[in-house]
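Structural overview for review
Listed below, chain by chain, are the residues.
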Amino acid sequence: QSGLRTRLLQAFSEAEGEFLSGQKLSETLGCSRTAVWKHIEDLRSEGYELEAVRKRGYRITHKPDKISGNEIQLGLKTEFMGRHIHFEEVVSSTQKIAHSLAGDGAEEGTIVVADQQTGGRGRLARAWYSPKQTGIWMSMILRPKIPINKTPQLTLLTAVALIQAIEEVTGLTPEIKWPNDIMINGKKIVGILTELQAEADRVHSVIIGVGMNVNHTLDQFPEELQAIATSIAEETGEPADRAQVIQAIMKNFEKLYTSYLIHGFKPVKLLWESYAISLNKNLIARTLQGTIRGRAIGIDDEGVLLLETAEGKIEKIYSADIEI
Ligand code: BT5
């Protein structure tokens, strides 16, 4: 049943908005026209709008604002990223599920995606606002053979891949605020949370959480976020297809990550620097150990932020909140 449905959606996706006749569909899917009709009615009841024209057939004119494993899988252009999708309507946090799947041996590239999170989290156990139908709340499971001290590079790599994906799908050019914020016009559109499962010197898995505001309108954000957060729809004036954005993330991430495993961090670093807003500016870095002020002179080959203080000393910042 569900296989048929996937193939039906695939046929419409390949038709790219052209009509497909009932006859053609029943041949392609190898089922009766009545069965085709029944599946089309099912799609309608889920919020798809289909136009039916006599002698021409059907076409999808509107997809529901809904993501599912199927929607993401169709049109995915990757070898391993997103090839296993664990999709849920509502979860506490996709990170939690990804940790448990990773512990159970999930393959590299497995992603956990939810339509809504009730306990989404940022760094230092801060809350991440993740309402339904509007965002991409996703965790990616990776198994890189790299030492633990190199794993922060993956946060930076992810930021680059996310920017490339957003550019590709929407034409917007976001910027990166070290280490894990993606900003548009000074407001946060994406947060990244990198977590590890590791032993003393061996990484078992890296779990990269991505929270992206896609179709929120400004008034849908809680008041305390309205001044600091934005979404793709808010910036472009039109909603974006979340499944399509995820596909673009998978493609760009896979490309960069594969190259990173072969060539190392240098090429990623150059790309990262080209998108960074925090470089060559005076910053305040609030770390758990205290506050450091200085000019950001760059990131080192590990992905660590280098701040030059007024006294001319170079401070290495491994983790902090940055105020520009
Ligand atoms: C982050 O933390 O930016 C990482 C956020 C990662 C969220 C993803 S969603 C999928 C996966 N599952 C999870 O449970 N988490 C990951 P941090 O740098 O600590 O920023 C958190 C701060 O961002 C909060 O204290 C708020 O000020 C702000 N914030 C919360 N929700 C936001 C939103 N939707 N958009 C913009 N800013 C937000």
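First things first, this report covers the structure right here in the doc. Since we're looking at a predicted model, the values are computed, not measured. (Residues numbered from 1 in each chain as written. Predicted model: local features only at pLDDT ≥ 70, side-chain atom pairs only at ≥ 80, totals over all residues. Heavy atoms only, no water.)

1. Focus: the side chain of E195
- Tracing the backbone shows E195 in strand β8 (residues 187–198).
- A polar atom in the side chain of E195 sits 2.9 Å from the side chain of R121.
- The contact partners of E195, leaving out residues within four places of it in the chain, are Q95, H99, R121, S205, V206 and I207. (Helix = DSSP H or I, 4+ residues; strand = E, 2+ residues; numbered from the N terminus. Polar contact = N/O pair within 3.5 Å; in protein donor to acceptor, adjacent residues only side chain to side chain. Contact = heavy atoms within 4.5 Å.)

2. Observations concerning the layout of surface pockets
- Empty space within the largest pocket amounts to approximately 790 Å³.
- As for the largest pocket, its lining consists of 37 residues, of which R126, A127, W128, D181 and K188 are closest to the centre.
- Of all the secondary-structure elements, those providing two or more residues to the lining of the largest pocket are α5 (94–103), β5 (135–142), β7 (181–184), β8, β9 (203–213) and β14 (321–323).
- The residue makeup of the lining of the largest pocket, split by class, is 17 nonpolar, 13 polar and seven charged. (1 Å grid on protein atoms, 1.4 Å probe; cavity = no way out; pocket = protein on both sides within 12 Å on 5 of 7 lines; lining within 4 Å. Points joined across faces, edges and corners; volume = space filled by probe spheres on them. Nonpolar A, V, L, I, M, F, W, Y, C, P; charged D, E, K, R; others polar.)

3. Section: the environment of R121
- Checked against the element boundaries, R121 lands in the loop between β4 (111–117) and β5.
- Take R121: its relative accessible area is 30%, and that puts it in the partly exposed class.
- Beyond its immediate stretch of four places on either side in the chain, R121 contacts S93, Q95, K96, R126, A127, W128, L193 and E195. (Buried < 20%, exposed > 50% of the residue type's maximum accessible area, 1.4 Å probe, protein only.)

4. What to know about the site of the ligand
- Among the 28 residues in the neighbourhood of the ligand, the closest are listed as S93, R121, R123, K188 and N213.
- Here a nitrogen atom of the ligand and a backbone polar atom of R121 are 2.8 Å apart.
- The side chain of N213 places a nitrogen or oxygen atom 2.8 Å from a nitrogen atom of the ligand.
- Protein contact buries 91% of the 800 Å² of open area that the ligand shows by itself.
- Classifying every residue of the shell around the ligand gives eleven nonpolar, twelve polar and five charged. (Near = heavy atom within 4 Å. Areas by Shrake-Rupley, 256 points an atom, 1.4 Å probe, with all protein chains shown as cover.)

5. Some remarks on the nonpolar core
- Grouped together as the largest cluster of nonpolar side chains are 63 residues, with contacts concentrated most on M138, M212 and W272.
- Not counting residues within four places of it along the chain, the set of residues in contact with M212 comprises G135, I136, W137, L162, I166, I189, V190, I232, V245 and I249. (Core = buried A, V, L, I, M, F, W, Y, C linked by side-chain atoms within 4.5 Å.)

6. Details of the sheet that holds β7
- Strand order in the open sheet formed by seven strands is β3-β4-β5-β9-β8-β7-β6, with mixed pairing between adjacent strands. What marks the edges here is a single partner per strand, and that holds for β3 (85–91) and β6 (175–177). Recorded for the sheet is a direction-independent mean angle of 20 degrees between the axes of neighbouring strands.
- Inspection of the sheet shows β8 paired to β9 by nine bridges, in the antiparallel sense. Within β9, the position partnered with E195 by the bridge is I207. (Pairing = 2+ DSSP bridges. Axes fitted to C-alpha atoms, helices over the stretch in contact; angles between N-to-C directions.)

Interpretation note: all reported values are geometric properties and have no functional meaning in isolation.
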